[in-house]
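Residues per chain are reported as follows:
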Amino acid sequence: MNIIQIPAFSDNYLWLLHESNLRDAVVVDPGDHTPILKALEENNLDLKDILITHHHNDHIGGILELKKLFPDVNIYGPSDKRIPANIIVKDGERVKLNSLHETFKVIDVKGHTNSHVAYYFKNKLFCGDTLFSCGCGRLFEGSYIDMHKALSKIKQLPKETMIYCAHEYTLDNIGFAKLVDPNNEDLISMEKKVKKIIDKGGYSIPSKLESELKINPFLRFDIPNIKQSVQNHFNTEIKSEAEIFKYIREWKDKEYD
Ligand SMILES: [Zn+2]
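Residues numbered from 1 in each chain as written. Predicted model: local features only at pLDDT ≥ 70, side-chain atom pairs only at ≥ 80, totals over all residues. Heavy atoms only, no water.

Participant: Let's hear about the sheet that holds strand E13 (residues 162-165): which residues, and what values?
Facilitator: Spatially, the six strands line up as an open sheet ordered E7-E8-E9-E10-E13-E14, and their pairing is mixed. Each edge of the open sheet is held by one strand with a lone partner, namely strand E7 (94-96) and strand E14 (207-208). For E13 and E14, the ladder comprises two bridges, and the chain directions are antiparallel. Each residue of the ladder has a partner; that of Ile-163, found in E14, is Ser-207. (Pairing = 2+ DSSP bridges. Helix = DSSP H or I, 4+ residues; strand = E, 2+ residues; numbered from the N terminus.)

Written out as structure tokens, the structure reads:
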């Protein structure tokens, strides 16, 4: 499977998937139709399927125009009136698209919104706004319990899994992570690496789950150092890993951005 990374708006990434020997293409979260049409044309591809992770406009805003140009396109998404999907997907379901050789599994990852799903292909996760490199999505609709559960599911995926998230937030996220986890050498070296990439106009996404487990404070709620750091910051005793996650999210929301 080939994956074309399409930057959109100020910091979004849209993902176009296709097989080398097929003209069929699949787009994940088409927030804007214009750069997708350009990529389809440049690569001589025909849009067959759309996968939607959640209802926010920077993920679905291009659907209407794409549907006009490709009236037979299938739109996969979770059950939610705000998402114009014609094929509803559910947690745990495996789907084989005719347009790709690979099967994907649907993972319910509500938290950022109440109906957010992620699409897992072999060692590739399209997770919308649930997990970012060194960060995670804000809790607009779900609870911290929901998001902790979603991130725990992602933690269980194979370490080689590449994370195709929807935003280039990495450097800013590292800035916050350093407050929570100041002595983490992996974080410091990742900051240098990402700075170099961004300075050259490159992308820090996709990132590897193996690396996220070492640097992302929102996945490190089971690490004693992180628990200690959060307890010190809030001057309170924390009992569960879900609560550690909740406090890290609050820390970032209230005191960082
Ligand atoms: Zn969103």
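Back to the write-up after that little detour.
Participant: Describe the pattern of salt bridges, and please don't skip the residues or the numbers.
Facilitator: In total, this model carries 15 salt bridges according to the counting rule given. Between Asp-46 and Lys-48 there is a salt bridge whose closest N-O contact spans 3.6 Å. When its relative accessible area of 34% is taken as the criterion, Lys-48 is described as partly exposed. For the salt bridge of Asp-253 with Arg-138, the shortest nitrogen-to-oxygen distance reads 3.6 Å. Taken together, the residues Asp-253 in helix H9 (residues 241-255) and Arg-138 in the loop between strand E12 (135-136) and helix H4 (144-155) connect sequence positions 115 residues apart. Note on Arg-138: relative accessible area 33%, which makes it partly exposed. Connected through shared salt-bridge partners, Asp-80, Arg-82 and Glu-141 make up one network. (Salt bridge = Lys/Arg side-chain N within 4 Å of Asp/Glu carboxyl O. Buried < 20%, exposed > 50% of the residue type's maximum accessible area, 1.4 Å probe, protein only.)

Participant: Give a detailed account of the packing of helix H5 (residues 170-180) against H9, specifying residues and quantitative values.
Facilitator: At their nearest, the axes of H5 and H9 sit 11 Å apart, and the two run at 120 degrees to each other. Looking at the two axes, H5 sits oblique to H9. For the pair H5 and H9, the sense of crossing is right-handed. Taking contact as the criterion, the partners of Asp-172, Asn-173, Phe-176, Leu-179 and Val-180 in H5 are, on H9, Ile-248, Trp-251 and Lys-252. (Axes fitted to C-alpha atoms, helices over the stretch in contact; angles between N-to-C directions. Parallel < 35°, antiparallel > 145°, perpendicular 65-115°, else oblique. Left-handed = near helix turned anticlockwise from the far one by under 90°. Contact = heavy atoms within 4.5 Å.)

Participant: Give me the packing of H5 against helix H6 (residues 185-199): which residues, what numbers.
Facilitator: Orientation of H5 relative to H6, taken along the N-to-C sense of each, is 160 degrees, at an axis distance of 10 Å. The angle between the axes of H5 and H6 places the two elements in the roughly antiparallel class. Crossing angle aside, the handedness with which H5 passes H6 is left-handed. Listed contacts from H6 to Thr-170, Leu-171, Ile-174, Ala-177 and Lys-178 of H5 are Leu-187, Ile-188, Met-190, Glu-191, Val-194, Lys-195 and Ile-198. Per-class residue counts for the contact of H5 with H6 are eight nonpolar, one polar and three charged. (Nonpolar A, V, L, I, M, F, W, Y, C, P; charged D, E, K, R; others polar.)

Participant: If you had to explain the layout of surface pockets to someone new, which residues and values would you point to?
Facilitator: Empty space within the largest pocket amounts to approximately 250 Å³. For the lining of the largest pocket, the secondary structure elements donating two or more residues are H5 and H9. Along the lines of polarity and charge, the residues of the lining of the largest pocket split into four nonpolar, five polar and seven charged. (1 Å grid on protein atoms, 1.4 Å probe; cavity = no way out; pocket = protein on both sides within 12 Å on 5 of 7 lines; lining within 4 Å. Points joined across faces, edges and corners; volume = space filled by probe spheres on them.)

Participant: Run through the coordination of the zinc ion, naming residues and quoting values.
Facilitator: Only His-54 (NE2), His-56 (ND1), His-112 (NE2) and Asp-129 (OD) from the protein reach the zinc ion as donors, at distances of 2.2 Å. If you look at the zinc ion, its four donor atoms make angles of 90 to 165 degrees with each other, and the shape they trace is irregular. We note that the donor set of the zinc ion lies within a single chain, spaced as H-x1-H-x55-H-x16-D. Across this residue pair, the class does not change: His-54 and His-56 are buried. (Donors = N, O, S within 2.8 Å, 3.2 Å for Na, K, Ca; no water. Tetrahedral: all angles 85-135°; square planar, octahedral: opposite > 155°, others 65-115°.)

Participant: I'd like a description of the packing of aromatic side chains, backed by residues and values.
Facilitator: Under the definition given, this model contains 16 aromatic pairs. With a centroid separation of 4.9 Å and an interplanar angle of 90 degrees, the aromatic rings of Trp-15 and Tyr-164 are classed as edge-to-face. One end of the pair, Trp-15, is in strand E2 (residues 12-18); the other, Tyr-164, is in strand E13, and 149 residues separate them in sequence. Using a relative accessible area of 3% as the deciding quantity, one classes Trp-15 as buried. Each ring, one from Phe-176 and one from Phe-218, has its centre 6.1 Å from the other, and the planes form 20 degrees; the classification is stacked. Pair noted here: Phe-176 is in helix H5 and Phe-218 is in the loop between helix H7 (209-215) and helix H8 (224-234), with a separation of 42 residues, a long-range link. Here Phe-176 falls in the buried class, since its relative accessible area comes to 0%. Taken together, the ring pairs in this structure connect Tyr-13, Trp-15, Tyr-76, Phe-104, Tyr-119, Phe-121, Phe-126, Tyr-164 and Tyr-203 into an aromatic cluster. The cationic tip of Lys-155 hangs over the ring face of Phe-221; the distance from NZ or CZ to the ring centre is 4.8 Å. When the ring centre of Tyr-247 is taken as origin, the NZ or CZ atom of Lys-246, which lies over that ring, is 5.0 Å away. (Phe/Tyr/Trp six-rings, centres within 6.5 Å; stacked < 30°, edge-to-face > 60°. Lys NZ or Arg CZ within 6 Å of the ring centre and 35° of its normal.)

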